[in-house]
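The residues making up each chain are set out below.
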Amino acid sequence: MSFSSEQKLQQPIEYLKGVGPLRAELLKKELGIFTFGDLLEYYPFRHIDRTRINTIDSLLPDMDFVQLAGTLVSSEVVGQRAGKRLLVTFKDRTGTIELAWFQGINWVQKLLQPGYSYLVYGRISFFNGRPQLVHPEIEKIEPEQPLEKKFLEPVYATTEKLKSKGLGGRALGRLTQTLLAQLKDSDLPEPLPLDELKPLPLLERSRALRQIHFPETPQLYQQALQRLKFEELFISQLRMQLVRMQRHRFSEGVVFEKVGDRFNELYKHHLSFELTGAQKRVIKEIRADTAKGKQMNRLLQGDVGSGKTIVAVLTMLLAIDNGYQTCLMAPTEILCQQHYASVKGLLEKVGVSVGLLTGSIKTKERKQLLAQLADGSLSLVIGTHALIEETVAFKKLGLVIIDEQHRFGVAQRAQLWKKSSPPPHMLVMTATPIPRTLAMTAYGDLDYSIIDELPPGRQPIKTVHRFEKDRAKVMDFIKQEIELGRQIYIIYPLIEESAKLDYENLMKGYEEVKAFFPEPRYWISMVHGRQPAEQKEINMKRFVEGDTQIMVATTVIEVGVNVPNASVMVIESAEKFGLSQLHQLRGRVGRGTEKSYCVLMTGPKLGADARERMRIMTHTGNGFEIAEKDLMLRGPGEIEGTRQSGALAFKLASLVADRSLLEVAREKAAQLLEADPGLDQASHVSLKEFMKIRKGALSWSKIS
Ligand code: ADP
Ligand code: MG
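Residues numbered from 1 in each chain as written. Chains lettered and ligands numbered in written order. Predicted model: local features only at pLDDT ≥ 70, side-chain atom pairs only at ≥ 80, totals over all residues. Heavy atoms only, no water.

1. Points about the site of ligand 1
Then step 1. Lining the immediate environment of ligand 1, one finds 16 residues, of which Glu274, Gly305, Thr309, Arg458 and Arg591 sit closest.
Then step 2. Threonine 309 is positioned with one of its side-chain polar atoms (N or O) 2.6 Å from an oxygen atom of ligand 1.
Then step 3. Arginine 458 places a side-chain nitrogen or oxygen 2.6 Å from an oxygen atom of ligand 1.
Then step 4. For ligand 1, the protein covers 84% of the area, taking 570 Å² as the surface of the free molecule.
Then step 5. Mapping ligand 1 onto the cavity grids shows that it belongs to the largest pocket.
Then step 6. When grouped by side-chain class, the residues that make up the shell around ligand 1 number four nonpolar, seven polar and five charged. (Near = heavy atom within 4 Å. Polar contact = N/O pair within 3.5 Å; in protein donor to acceptor, adjacent residues only side chain to side chain. Areas by Shrake-Rupley, 256 points an atom, 1.4 Å probe, with all protein chains shown as cover. 1 Å grid on protein atoms, 1.4 Å probe; cavity = no way out; pocket = protein on both sides within 12 Å on 5 of 7 lines; lining within 4 Å. Sits in = over half its atoms within 2 Å of the grid points. Nonpolar A, V, L, I, M, F, W, Y, C, P; charged D, E, K, R; others polar.)

2. Quick notes on the layout of surface pockets
Then step 1. By volume, the largest pocket amounts to about 1,400 Å³.
Then step 2. What lines the largest pocket is a set of 46 residues, and nearest its centre among them are Thr309, Ser342, Asn562, Pro564 and Arg591.
Then step 3. Tallied by class, the residues present in the lining of the largest pocket amount to 17 nonpolar, 18 polar and 11 charged.
Then step 4. Looking at the lining of the largest pocket, you find at least three residues from each of domain 2 (261-451) and domain 3 (462-620). (Points joined across faces, edges and corners; volume = space filled by probe spheres on them. Domains from an automatic or database assignment.)

3. Brief notes about the pairing of strand β19 (residues 550-553)
Then step 1. Taking every second residue as pointing to the same face, both faces of β19 are buried, with Ile550 and Val552 on one and Met551 and Ala553 on the other.
Then step 2. Pairing analysis gives four bridges linking strand β17 (residues 487-491) to β19, with the strands arranged parallel. Within the sheet, the bridge partner assigned to isoleucine 490 lies in β19 and is valine 552.
Then step 3. Bridge count between strand β18 (residues 524-527) and β19: four bridges; the pairing is parallel. Across the sheet, the residue bridging to methionine 526 is valine 552, located in β19.
Then step 4. Crossover connection from β18 via helix α18 (residues 533-544) to parallel β19: handedness right-handed. (Buried < 20%, exposed > 50% of the residue type's maximum accessible area, 1.4 Å probe, protein only. Helix = DSSP H or I, 4+ residues; strand = E, 2+ residues; numbered from the N terminus. Pairing = 2+ DSSP bridges. Right-handed = clockwise from strand over helix to strand, strands pointing away.)

4. Structural notes on the packing of aromatic side chains
Then step 1. Counted according to the given criterion, the structure contains 10 aromatic pairs.
Then step 2. Where phenylalanine 151 meets phenylalanine 214, the ring centres are 6.4 Å apart and the plane angle is 75°; that geometry is what we call edge-to-face. On the criterion of sequence distance, the pair formed by phenylalanine 151 in the loop between β7 (137-140) and β8 (153-155) and phenylalanine 214 in the loop between α7 (205-213) and α8 (218-250) is long-range, its members being 63 residues apart.
Then step 3. Relative accessible area serves as the criterion here: at 35%, phenylalanine 151 is assigned to the partly exposed category.
Then step 4. Joined through ring pairs, the aromatic side chains of Phe516, Phe517 and Tyr522 make up one cluster.
Then step 5. In this structure, lysine 140 is placed above the aromatic ring of tyrosine 116, and the distance from its NZ or CZ to the ring centre is 4.1 Å.
Then step 6. When the ring centre of tyrosine 324 is taken as origin, the NZ or CZ atom of lysine 396, which lies over that ring, is 4.5 Å away. (Phe/Tyr/Trp six-rings, centres within 6.5 Å; stacked < 30°, edge-to-face > 60°. Lys NZ or Arg CZ within 6 Å of the ring centre and 35° of its normal.)

5. A few points about the packing of α8 against helix α23 (residues 685-693)
Think of two packed helices as two axes; the pair is described by the angle between the axes and how far apart they sit.
Then step 1. As a packed pair, α8 and α23 sit with axes 11 Å apart at the nearest point and diverge in direction by 85°. One finds that α8 runs roughly perpendicular with respect to α23. Of the residues in α23, those in contact with Glu231, Phe234, Ile235, Leu238, Arg239 and Leu242 of α8 are Leu687, Phe690 and Met691.
Then step 2. Residues of the contact of α8 with α23, tallied by class, amount to seven nonpolar, no polar and two charged. (Axes fitted to C-alpha atoms, helices over the stretch in contact; angles between N-to-C directions. Parallel < 35°, antiparallel > 145°, perpendicular 65-115°, else oblique. Contact = heavy atoms within 4.5 Å.)

6. Brief notes about the environment of glutamine 182
Then step 1. Along the chain, the position of glutamine 182 falls in helix α6 (residues 171-182).
Then step 2. With relative accessibility at 32%, the residue glutamine 182 sits in the partly exposed group.
Then step 3. Each C-alpha atom of the pair glutamine 182 and leucine 16 lies 9.5 Å from the other, and the pair is 166 residues apart in sequence.
Then step 4. Those residues in contact with glutamine 182, other than ones at most four positions away along the chain, are Lys8, Leu16, Phe36 and Asp187.

Function-wise, these values are silent; they only describe arrangement.
Laid out in structure tokens, this is it:
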């Protein structure tokens, strides 16, 4: 079998009969259809079933679309002006039915001739208890014409412009029909080793492609759909796993041979808690991975508050004990400062000094820091994306840790690991969990660790949904908590496009809170994106140190901030936030042993989606579960942590609906690669070819 026959599918779309330059231009622009192959993979979103003829006496209200064959008895126009309509009596051997038109009356009337036979197709409605078809499609039956269509008729998504050039949702099907008629089965060879994939019920590719457009039965359509979805998922899993395997086999990486003194000392003498089983397991995984002489590329998933930071710190000590430098990159200045303060406090105890590099570090300090990194006298630096600037050079960088990864692009990360050769190990920590299906597809090329256990003693955060009318009560509650010595967050949304309005809301909110909690009895910090960095830092610090009881902030506070004494999180206009963001914000409380609360404030009128989000938030605290729901509500493209990736660009498969198929595809891909890592066996030649041809969807490049 050869895939040179794919060449046929590479032909420009204008060469197809019925297309021509004008339509071709539109097909390209509007639908991205450039070639025969593109048209073939432009799948219908539904079908019209005209394979059966209904009888009039069997019509029921829940039948939706029906097709009738019979004779036109009579037609008359009744009513005046707006009420004017054409009523047609139509009969078959079982009864009569009324057809009605409110528009195009003259045109339809000309078409219809009493006494002749017609095929009628339309949506059934009941009027005064009698069945009726309004504006049905109607077609004269020629003698000898077979009545039932042999195929379901496809309907495609189209656009106004295409419609105006005669390419409506059903007309597109005629092009596909022309194309399929030209293609021989040998033009659509089979890339998948179907024998090895047994007992999966997979149609052959050529059959599947025909049946997905023009299925003979709804069952065959389903089979075609499953086959092509499987193909998408299987090919993408093969790619991901190949990238990962190649990295495991061929990449070069630094070796962390031993667990050294500093690691051991911190672990044994300076931790104020016992690590959870999950934390220990992850450290073991990292340890094994960094000792192999291959570059580690690992994604660390853990729920908010699961204790990723200490895992990062111990991993950095592993690097340092082995004579390497390391850096921790975080997305915001505030987060860096927090990490800096806590990591520095901890590592001082084992004699490791820590540097901080952010945009606001003064030139003189910065120079000194850069010199220390370059000559190797400083082994650990924490910073924002300032770390990736070219002026930052390391003597011997062995490990890069990226916290709250979704803020950084792939290219930015790549900048970091170019700073040393062999490249440093990479550990990417997510801010909130990513649904499993997303992790498998968007990050399937990375190795994967998961902290699926919270530190002991955490109480669930009590989450409630409140409205404006409850505000006084909410304020009273806050007051009580402050009297108990706790601290409070009040968060306002900040949405880029309407920044000005949001900013005004924040200020208004701040004034209100201040009126309710007057100085000097209460002190309030405010932090938002428009403040100069220094101001932000001071305000933040006062709250962290317990100097102020209330923090009024925008979502700049969102990621990573750790104030264990804070026990209440109030989120204003909570309906404006996505699920994972709400969960991330809520995770700012409940970090100590005190009972904690999250109050979601919303306006009185909520859309169905927003109501569902509030319901989920008040019912579960499990980030993995919330991530799954988020995926279902919003679809993969919208989920934070989703990398711009061809991996998600499935035409048919859905990460929500086809989860189990994805599992199967992943397993089968792993089995296949285990048996034949180079895809060299004769039975895999077509597969390899196919993957090369379709390389466009996903590049083979290393990521992270
Ligand atoms: P995240 O995973 O969200 O980054 P952090 O690393 O900030 O979470 O940890 C949250 C809090 O839990 C911190 O106060 C940290 O000191 C504490 N913590 C981490 N691990 C443990 C543990 N094993 N036992 C008790 N507390 C822990
Ligand atoms: Mg964190």
